[in-house]
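Reading the structure
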Number of protein chains: 2
Amino acid sequence: MILPRIGVFDSGVGGLTVLKAMAEQLPAHYSYFGDTARLPYGTKSAETVARYAIGATRFLEAQNIDLLVIACNTATALAFPLIQEAAHVPVVGVVEPGAAMVAEVSKTRSAIVIATEATVSSHAYRDALHRHGLTAHEKACPLFVPLVEEGWIEHPVTEQVARIYLGEALQQAPEQADVLVLACTHYPLIAPLLRRIAPGHMQIVDSAESTARAVKKMIGEDSFCHPERSEAAVATERSRRVPIDLKMLPAEHRTFRFYVTDSVDKFKRLATRFLGRQVDHVEHVDLENRG
Amino acid sequence: MILPRIGVFDSGVGGLTVLKAMAEQLPAHYSYFGDTARLPYGTKSAETVARYAIGATRFLEAQNIDLLVIACNTATALAFPLIQEAAHVPVVGVVEPGAAMVAEVSKTRSAIVIATEATVSSHAYRDALHRHGLTAHEKACPLFVPLVEEGWIEHPVTEQVARIYLGEALQQAPEQADVLVLACTHYPLIAPLLRRIAPGHMQIVDSAESTARAVKKMIGEDSFCHPERSEAAVATERSRRVPIDLKMLPAEHRTFRFYVTDSVDKFKRLATRFLGRQVDHVEHVDLENRG
């Protein structure tokens with residue numbers, strides 16, 4: 001049984017929501033790289049973020065991945081073209097799949113985008129939605145990430161904060177906005193809470209779900225996970241595109257590997273919360289002191 | 001008129017509460033260095049923090065400072081001896097002055113220390129209080145920094161979070177604790193709110209106030225700010241110790257210089273809130289690309 005090997009990269013734990021969404025839809029061998037020693041990326045220059053992201057890309061490519069997912073809004077917003085140029089495998093970011101899904105579901109062609117301050121300042125989602133012919137109102141929600149990392153998922157404080165942020169966003173957004181975009185990889189954890197608070201007519205699009213869908217589509221179109229081919233045959237025929245039925249691939253064969261640049265213990269604790277399953281095997285990696 | 005030149009170093013804006021407390025007590029020329037591009041320090045190794053802090057020390061020493069204040073809990077906790085060894089001027093950290101003030105005011109010899117997760121993990125305050133013969137109960141309050149940076153100083157959400165954190169701390173702490181230590185440089189901004197919530201019998205000691213007091217004492221004992229000496233004379237007699245009356249030094253002569261490694265605009269906005277006065281002149285510095 002040959003499963004695709006997917007590399008997932010984020011500055012921290014947020015990308016685990018993308019990993020979770022993918023794992024639910026797509027049996028594969030997953031290698032997750034969290035650059036936890038150098039987070040947050042949001043305050044760093046585009047050049048620095050690109051340098052870090054390309055270092056992570058090299059590390060994951062050395063694990064023989066077939067596809068790389070940049071499960072980090074900042075890295076996607078600031079460095080996607082540079083990463084794509086440096087990578088030897090197909091690369092998927094989180095911004096474009098989210099924008100494409102909004103374009104699919106919005107009737108009024110207007111959306112509210114909630115994200116971190118860094119993602120809002122980059123205007124990456126606004127620009128991507130513009131390219132799809134939609135208007136976007138962006139709202140920074142800087143307290144959501146620390147609230148999620150504190151574990152206050154279904155918590156009165158988080159609900160109060162969400163009511164304030166959404167209230168402000170709705171006040172400033174055009175009335176016809178009919179989609180709420182969760183443009184931060186931490187936000188899927190509070191999606192049920194946001195669903196309760198958001199106006200009933202608004203649809204919620206989260207970038208983890210939409211990225212997973214984009215990856216599934218890309219993998220499904222590629223031959224490298226054809227169940228009847230040997231590994232050697234796949235290696236030589238990777239460019240042929242044969243649609244496959246992913247349901248044929250049993251989930252129990254998949255593996256998960258985690259690599260982080262900072263404390264393994266803190267990552268394990270947060271990862272267990274993000275993935276909703278025990279995470280035991282996490283390896284520490286020091287990229288700064290590699291040649 | 002010769003005023004002392006004081007360098008203040010922090011990873012971000014938090015150290016501005018220390019600067020504010022000093023400026024209220026001590027007329028001086030202040031140079032503030034905020035390493036905003038590389039914050040937070042809390043997740044980084046002791047070696048990395050020491051390297052960054054020593055780089056900042058060199059930069060501030062090039063501004064001819066007479067004294068260096070490490071207005072950063074993480075840098076003090078992880079790298080104080082290394083910074084002191086590398087510096088050519090006297091160095092004051094934030095931990096020891098806070099512990100000394102607690103030792104002065106506590107009758108029951110027991111305190112509750114609230115701080116960031118990184119400071120709590122370092123146990124720097126617990127160890128410093130032990131050296132003064134006190135016991136300490138440490139409690140991490142990770143949401144306070146983002147709440148202060150969001151500007152929610154007197155805000156119902158911050159009050160609710162504070163009630164939860166203090167409630168948990170009081171439940172676990174020994175009953176006789178009679179001092180609450182604000183062991184994070186962001187916390188003085190919510191000191192009035194914490195005063196309302198904390199039990200009436202508890203005294204509040206904040207590390208900004210106590211550090212300012214320690215610096216004032218140190219400067220007052222030194223000759224280099226003697227008002228009757230010329231700059232050249234002071235330079236040669238810096239080792240002589242002559243007590244001076246700080247009230248003789250008019251505040252209008254002092255200057256404030258700010259240097260940051262990341263966005264100047266974000267720093268200006270936050271600094272204005274932290275200092276309670278308009279901050280206009282902030283210079284961007286790139287330490288990473290200096291030889």
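Just so we're clear, the structure is a prediction, and the values are computed from it rather than from any experiment.

What counts as what
Residues numbered from 1 in each chain as written. Chains lettered and ligands numbered in written order. Predicted model: local features only at pLDDT ≥ 70, side-chain atom pairs only at ≥ 80, totals over all residues. Heavy atoms only, no water. Contact = heavy atoms within 4.5 Å. Buried area = accessible area lost by both parts, 1.4 Å probe. Salt bridge = Lys/Arg side-chain N within 4 Å of Asp/Glu carboxyl O. Polar contact = N/O pair within 3.5 Å; in protein donor to acceptor, adjacent residues only side chain to side chain. Helix = DSSP H or I, 4+ residues; strand = E, 2+ residues; numbered from the N terminus. Nonpolar A, V, L, I, M, F, W, Y, C, P; charged D, E, K, R; others polar. Least-squares fit on C-alpha atoms with pLDDT ≥ 70 in both. Buried < 20%, exposed > 50% of the residue type's maximum accessible area, 1.4 Å probe, protein only. Core = buried A, V, L, I, M, F, W, Y, C linked by side-chain atoms within 4.5 Å. Pairing = 2+ DSSP bridges. Axes fitted to C-alpha atoms, helices over the stretch in contact; angles between N-to-C directions.

Another aspect to go through is the interface of chain A and chain B. Listed by partner, the interface residues are 24 residues for chain A and 25 residues for chain B. Together chain A and chain B conceal approximately 1900 Å² of surface at their shared face, both sides included; 56% is due to carbon and sulfur atoms. If you look at where chain A meets chain B, you find two salt bridges. Among the salt bridges present, the one from B:Glu117 reaches A:Arg269, with a minimum N-O distance of 3.2 Å. Viewed at the interface, chain B and chain A are joined by four residue pairs in polar contact (both at pLDDT 80 or more). Elements with a minimum of two residues in the side of chain A that touches chain B: α7 (144-149) and α8 (156-172) of chain A. Per-element accounting of the side of chain A that touches chain B gives the leading share, six residues, to α8(A). For the side of chain A that touches chain B, a count of residues per class yields 13 nonpolar, four polar and seven charged.

A few words on the relation of the copies chain A and chain B. It takes a turn of 180 degrees to lay chain A on chain B, together with a shift of 0.0 Å along the axis; the resulting RMSD is 0.0 Å. Taken together, the rotation and translation describe the operation of a two-fold axis. Taking the C-alpha atom as reference, chain A places A:Val157 closest to the rotation axis, 3.3 Å from it. A shared interface surface links the copies, since 100% of the contact residues of chain A are contact residues in chain B too.

Moving on, we get to the pattern of salt bridges. Residues and elements named next belong to chain A. As enumerated under the stated definition, the model contains 22 salt bridges over all chains in all. Asp-35 is the salt-bridge partner of Arg-38, the closest N and O atoms lying 2.9 Å from each other. Note on Arg-38: relative accessible area 11%, which makes it buried. Judged by relative accessible area, Asp-35 falls into the buried class, the value being 0%. Here Asp-127 makes a salt bridge to Arg-126, at a shortest N to O gap of 3.2 Å.

So, about unusual backbone geometry. Residues and elements named next belong to chain A. Leu-39 connects to Pro-40 through a cis peptide bond whose omega is -5 degrees. Its place among the elements puts Pro-40 in the loop between β2 (29-34) and α2 (46-61). Even without a glycine there, the phi angle at Asn-64 is positive, about 60 degrees. If you trace the backbone, Asn-64 turns up in the loop between α2 and β3 (67-70).

Moving on: the nonpolar core. Nonpolar side chains tend to gather and get buried jointly when the protein is soluble and globular. In this structure, A:Ile6, A:Phe144, B:Ile6 and B:Phe144 are the most contacted members of the largest nonpolar core, which totals 160 residues. Apart from the residues lying within four places of it in its own chain, the contact partners of A:Phe144 are A:Ile114, A:Val161, A:Ala162, A:Tyr165, A:Tyr187, A:Ile190 and A:Leu194.

On to the sheet that holds strand β6 (residues 135-140) of chain B. Residues and elements named next belong to chain B. The strand order across the open sheet formed by four strands is β6-β5-β7-β8, and the pairing between neighbours is parallel. The open sheet has two edge strands, β6 and β8 (203-206), and neither has a second partner. Each strand axis lies, on average, 25 degrees off the axis of its neighbour in the sheet, ignoring direction. As defined by bridge partners, strand β5 (residues 110-115) adjoins β6 across six bridges and the pair is classed as parallel.

Honestly, that's just the spatial picture; any functional story needs more than this.
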